[in-house]
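Observations on chain architecture
Spelled out, the chains give:
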Amino acid sequence: MSLNTEKTAPSVKTRFLVLSDTHGLDTPPEIVSRQYADVMLHCGDLTTESKIDEFKASIRLIQAVNAPLKLVIAGNHDFTMDIPMFQKKVAEAQPLEPELVQQAYGSHGEAGKLFDDQQDKGIVFLDEGSHSFRLSNGARLNIYASPFTPSLGDWGFQYHPDRGHDFRIANADIVMTHGPPRGLLDYTHSGNRAGCSHLFEAIARSQPRPLMHCFGHIHEGWGAKLVKWRDQISGKPSHLTDIDNGNSCLISTLNAIKGKGKVASLYSTSHCSGDPRPLQRNAETLFVNASMQGSEDLPIQPPWLVDLELPAAF
């Protein structure tokens, strides 16, 4: 008689504060600065015009967040962090006084250095790719980050929608991108979907699939959805064919919170063991659009507080 002595790796409940599209906001809602999180995730668009003073304001906001680790990526509005695009814009805007450009936007790489100087405060700016962290709560976090979004415009970190982008997602607990995947929390005011089909395909094919994919970019797409994947993923994955919508759960949308009258300054959801809706690793992914810049009737949309279980670090 043989015994199966294989042990399941222990998991650690981990709290994430997720925000995006703060666009130069320098002070978070008071409840955000009070609420502790193990990790803060900022999904880009730290600025509106990529000016150096806006980056400094964003750093003040991030410093005010109560978390030992704060992970940040750029968005399309943060174009000075995309050095080739910054150089292109400066060249196209000639004749401009170089001193005026540097005063407003800084020199090449200056915005990035502002964040490099914050690492001793737990603020880490992530370039595109996979990163791993051992958290203060004893968990191991594997995260894939990318600032790239599809566009025909002239902003930072963008690619032609027809050509796509190579999102190399593998072994990620969390995926943090600036833009949404196609079909998930990506409706614009015009009723069109603005998400990236290449990003959806990369998430659907990744093994194991991430516990959470967080993003922003489409402000009116604010919300969260716990997605159940179909048992078999198609050859060309799509939100139309590879999501089991009958067993998925819409957590909230912008229309839902506006319909309640008073809007909370922080929105929370938890999917750990013992919760009413625990997340099933590889079978489900929580998608979160955490765009904070709103409209006239709701200028600041609430960031998300998310509890998930990560594997323990060894």
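This one's a predicted model, so the numbers in the text were calculated from it and none came from an experiment.

What counts as what
Residues numbered from 1 in each chain as written. Predicted model: local features only at pLDDT ≥ 70, side-chain atom pairs only at ≥ 80, totals over all residues. Heavy atoms only, no water. Salt bridge = Lys/Arg side-chain N within 4 Å of Asp/Glu carboxyl O. Helix = DSSP H or I, 4+ residues; strand = E, 2+ residues; numbered from the N terminus. Buried < 20%, exposed > 50% of the residue type's maximum accessible area, 1.4 Å probe, protein only. Lys, Arg positive; Asp, Glu negative; His and termini not counted. Contact = heavy atoms within 4.5 Å. UniProt positions renumbered as here; feature names shortened; annotations may be inferred. Pairing = 2+ DSSP bridges. Axes fitted to C-alpha atoms, helices over the stretch in contact; angles between N-to-C directions. Phe/Tyr/Trp six-rings, centres within 6.5 Å; stacked < 30°, edge-to-face > 60°. Lys NZ or Arg CZ within 6 Å of the ring centre and 35° of its normal.

Under the definition given, this model contains 16 salt bridges. Among the salt bridges present, the one from Asp307 reaches Lys13, with a minimum N-O distance of 3.8 Å. With a gap of 294 residues between them, Asp307 in strand S17 (residues 304-311) and Lys13 in strand S1 (residues 11-19) connect regions that are remote in the sequence. Notably, a salt bridge pairs Asp120 with Lys121, separated by 3.9 Å at the nearest N-O pair. A single salt-bridge network, built from bridges that share partners, covers Lys13, Arg15 and Asp307.

For the rest of this paragraph, the subject is the side chain of Asp244. Residue position: Asp244 is located in the loop between strand S11 (223-228) and strand S12 (249-253). Arg230 provides the closest opposite charge to the buried, salt-bridge-free Asp244, at an N-O distance of 4.5 Å. For Asp244, the contacting residues outside a window of four places in its chain are Lys228, Trp229 and Arg230.

Turning our eyes to something else, we now look at the UniProt feature "domain: Calcineurin-like phosphoesterase" (unreviewed entry) in the protein. As recorded in UniProt, the feature "domain: Calcineurin-like phosphoesterase" (unreviewed entry) lies at residues 15-220. Between the C-alpha atoms that bound residues 15-220 there is a distance of 25 Å. The span itself is 25% helix and 20% strand.

With respect to topology, 7 strands assemble into an open sheet ordered S5-S6-S9-S10-S14-S11-S12, the strand pairing being mixed. In the strand order of this sheet, the two ends are held by strand S5 (129-134) and S12, each with one partner. When strand polarity is set aside, the average angle formed by the axes of neighbouring strands in this sheet is 15°. Across 4 bridges, S11 lies against S12 in antiparallel orientation. Looking at the pairing, Gly223 lines up with Thr253 of S12.

In this section: the packing of aromatic side chains. Per the counting criterion, the structure on display carries 12 aromatic pairs. Their ring planes at 85° and their centres at 5.6 Å tell us that Trp222 and Tyr267 sit as a pair that is edge-to-face. Taken together, the positions of Trp222 in the loop between strand S10 (212-215) and S11 and Tyr267 in strand S13 (residues 267-270) put the pair 45 residues apart, joining distant regions of the chain. With respect to burial, Trp222 and Tyr267 carry one shared label: buried. Within the aromatic cluster, the residues linked to one another by ring pairs are Phe79, Phe86, Tyr105 and Trp155. Above the ring of Phe79, the side-chain terminus of Lys89 is found at 5.0 Å from the ring centroid. The positively charged end of Arg193 is found above the aromatic ring belonging to Tyr187, 3.9 Å away from the centroid.

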